[in-house]
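Chain residues, written in single-letter form:
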Amino acid sequence: MTTTDPALDVDLLRFPPGFTWGAATAAFQIEGATTEDGRGPSIWDTFAARPGAVLGGDTGDPACDHYHRYASDVELMASLGLGSYRFSLAWPRIQPLGSGPVEPRGLAFYDRLVDELLGRGIQPVVTLYHWDLPQALEDRGGWRDRDTAYRFAEYAQVAHAHLGDRVREWTTLNEPWCSAFLGYATGIHAPGVVDPKGSLEAAHHLLLGHGLALRAMREQASAEHRFSVVLNFCAVIAEDEEAARKVDGLQNRLFLDPLAGRGYPEDVLADTAWLGDWASVVRPGDLDAIAAPVDWMGVNYYSPTRVARAEDPSVVAEGPFPGLRGVEFLPPEGEVTGFGWEVRASAFTSLLRRLGRDVAVPLVITENGSAFPDELVDGEVVDERRTRYLVDHLRAVHAAIEAGVDVRGYFAWSLLDNFEWAAGYSQRFGVVHVDYATQERTVKRSGRVLARVIGANAVPARGYDLG
Ligand code: FCB
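Residues numbered from 1 in each chain as written. Predicted model: local features only at pLDDT ≥ 70, side-chain atom pairs only at ≥ 80, totals over all residues. Heavy atoms only, no water.

**Some details on the overall build of the protein**
- Helix and strand content of the protein: 16 helices and 15 strands.
- Over its C-alpha atoms the protein spans a radius of gyration of 21 Å, differing by no more than 12% from the 23 Å that the globule rule assigns to 467 residues.
- Expressed along its principal axes, the backbone C-alpha trace of the protein runs to roughly 60 × 55 × 45 Å.
- Contacts in the protein between residues at least 24 apart in sequence constitute 76% of all its contacts with a sequence separation of at least 6.
- When the accessible surface of the protein is totalled, it reaches about 17,000 Å², and 51% of it is carbon and sulfur.
- For the protein, the distance from the average position of its 43 positive side-chain charges to the average position of its 65 negative side-chain charges is 2 Å. (Helix = DSSP H or I, 4+ residues; strand = E, 2+ residues; numbered from the N terminus. Rg over C-alpha atoms; globule rule 2.2 N^0.38 Å. Contact = heavy atoms within 4.5 Å. Areas by Shrake-Rupley, 256 points an atom, 1.4 Å probe, with all protein chains shown as cover. Lys, Arg positive; Asp, Glu negative; His and termini not counted. Charge placed at Lys NZ, Arg CZ, Asp CG, Glu CD.)

**A short note on the site of the ligand**
- Lining the immediate surroundings of the ligand are Gln29, His130, Trp131, Asn174, Glu175, Tyr302, Glu367, Trp413, Glu420, Trp421 and Phe429.
- Glu367 is positioned with one of its side-chain polar atoms (N or O) 3.0 Å from an oxygen atom of the ligand.
- For the ligand, the protein covers 94% of the area, taking 290 Å² as the surface of the free molecule.
- Class assignment of the residues belonging to the shell around the ligand gives a composition of 5 nonpolar, 3 polar and 3 charged. (Near = heavy atom within 4 Å. Polar contact = N/O pair within 3.5 Å; in protein donor to acceptor, adjacent residues only side chain to side chain. Nonpolar A, V, L, I, M, F, W, Y, C, P; charged D, E, K, R; others polar.)

**Some remarks on the pairing of strand β8 (residues 296-300)**
- Across the 5 residues that make up β8, a large majority, 5, are buried.
- With burial as the criterion, each face of β8 is covered, one bearing Trp296, Gly298 and Asn300 and the other bearing Met297 and Val299.
- Both β8 and strand β11 (residues 363-367) contribute to a ladder of 4 bridges, which runs parallel. Pairing of Met297 across the sheet is with Leu363, part of β11. (Buried < 20%, exposed > 50% of the residue type's maximum accessible area, 1.4 Å probe, protein only. Pairing = 2+ DSSP bridges.)

**Details of the pairing of strand β9 (residues 304-309)**
- Examined bridge by bridge, strand β7 (residues 235-238) and β9 share 4 bridges and lie parallel to one another. Within β9, the position partnered with Ile237 by the bridge is Arg306.
- In terms of strand pairing, β9 meets strand β10 (residues 327-329) through 3 bridges, oriented antiparallel. If you follow Arg309 over to β10, its bridge partner there is Val327.

**Section: the packing of aromatic side chains**
- Evaluation of the coordinates by the stated rule reveals 36 aromatic pairs.
- For the pair Trp341 and Phe429, a centre-to-centre distance of 5.8 Å together with 50° between the ring planes defines the contact as tilted. Here Trp341 is found in the loop between β10 and α14 (345-358), whereas its partner Phe429 is found in the loop between β12 (407-413) and β13 (432-435), with 88 residues between them in sequence.
- Of the residues examined, Trp341 reaches a relative accessible area of 29% and is grouped as partly exposed.
- Aromatic rings pair up to connect Phe28, Trp44, Phe47, Trp131, Phe419, Trp421, Tyr425 and Tyr436 into one cluster.
- In this arrangement the basic side chain of Arg395 is found over the ring face of Tyr464, its NZ or CZ atom lying 5.2 Å from the centre. (Phe/Tyr/Trp six-rings, centres within 6.5 Å; stacked < 30°, edge-to-face > 60°. Lys NZ or Arg CZ within 6 Å of the ring centre and 35° of its normal.)

**A short note on the pattern of salt bridges**
- Taken as a whole and judged by the stated rule, the model has 43 salt bridges.
- Across the pair Asp165 and Arg166 runs a salt bridge, and its minimum N-O distance is 3.0 Å.
- Because the salt bridges share partners, they merge into one network encompassing Glu242, Arg245, Asp248, Arg253, Asp267, Asp271, Arg354 and Asp358. (Salt bridge = Lys/Arg side-chain N within 4 Å of Asp/Glu carboxyl O.)

**Points about helix α9 (residues 176-184)**
- Within α9, 9 of the 9 residues are buried, which leaves the element mostly enclosed by the surrounding structure.
- Among the residues of α9, those classed as buried are Pro176, Trp177, Cys178, Ser179, Ala180, Phe181, Leu182, Gly183 and Tyr184.
- On its buried side, α9 packs onto β4 (123-129), α7 (135-138), β5 (169-174), α10 (196-220), β6 (226-232) and α11 (241-259).

This is the structure we're talking about:
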């Protein structure tokens with residue numbers, strides 16, 4: 001039972017005092033204005049222009065037209081009570097060619113956005129790279145080329161030098177697993193390359209880019225700056241230990257271990273060796289750069305991955321894991337989202353408990369959310385399934401905190417419905433609905449519940465609303 005006074009009638013699961021509440025977006029998914037103010041093309045512009053690459057031929061224009069509507073979008077965030085906002089900078093707005101000349105109009109946009117956020121008491125959490133590599137760098141090899149890591153550090157230095165007087169929280173990469181393996185192994189994401197061995201080299205160069213960018217920013221940072229990286233971990237569900245080990249290795253430990261100073265995991269090196277000696281791209285000093293400590297780690301979680309041992313151990317698994325053999329991916333069980341992703345909050349708690357043991361720094365949930373085919377009826381979006389997903393996953397985070405895991409914040413994916421990469425505009429993840437024809441925003445029921453959760457710093461122990 002709920003009433004208008006949650007403190008009296010609803011059992012609450014309270015989050016720790018000072019817990020960070022926010023929502024997340026990414027530049028290419030919301031900004032639009034892809035040719036404005038000197039922005040250079042990114043790999044996503046090129047990829048989206050390739051027939052058949054993105055569902056429905058959708059492109060990054062106009063997306064949510066956030067480039068022009070940022071001020072009212074920030075007002076919307078304030079109305080939801082967000083304390084923080086996680087967004088990414090478009091590298092090709094700041095350095096249109098990926099290196100060298102800096103575009104002041106690109107930086108000026110982020111000045112305006114950051115100032116607007118701070119003016120409303122919302123802390124900006126900046127991601128430097130959420131997949132929109134300048135095309136000029138891809139033309140020189142992209143993340144398969146070591147030089148891209150150095151260019152990334154140069155860009156990080158420029159962005160941090162410019163915005164660091166106002167932005168305290170900095171994330172280098174969002175989900176390098178996706179950049180490397182969706183981009184260069186299956187090619188279902190930009191730049192659309194199919195090169196499994198090269199995708200592992202790209203993974204190393206992404207991690208190196210993270211390390212070099214971190215070093216460059218630390219050198220010019222003040223004490224208040226905090227640095228992080230965001231990974232998409234997979235919560236593996238498998239009866240077979242060997243299958244679980246292989247998938248966990250390629251998704252989680254391949255990234256976690258070098259970041260934690262343990263180098264690349266031996267078993268993953270052995271599993272992927274048949275593709276060729278990709279690890280020969282690792283040069284002396286690289287692993288030290290990658291292992292430089294971060295202040296917190298971002299965790300993106302949506303859904304578990306079910307796997308089993310394949311009957312034939314030499315069979316190459318379908319999908320984005322380079323070199324994976326002897327493993328079969330199983331279909332989801334139980335409820336799925338509109339995207340077909342399994343809904344299982346308990347797997348989130350297990351994952352967080354494991355990360356609590358394996359990661360030495362505090363965790364922040366930097367993305368979590370669900371896509372459903374929402375309908376705007378009489379000016380309202382009653383997204384019951386997303387609301388349930390949100391509350392159930394917040395309970396899962398709360399359970400992990402109760403179990404002793406140091407989780408400091410939660411960012412809902414996403415603030416707005418947006419360009420969902422290869423799925424175009426077909427998948428709506430927002431807690432705010434966007435009518436792409438009119439650009440009108442409508443806070444969904446899930447958004448209203450999130451606002452009340454933020455206000456109470458708590459989720460209801462039962463049921464799905466707080467009054
Ligand atoms: C994550 C991405 C984010 C969004 C969600 C649904 O992998 O970081 O941009 O597309 O998935």
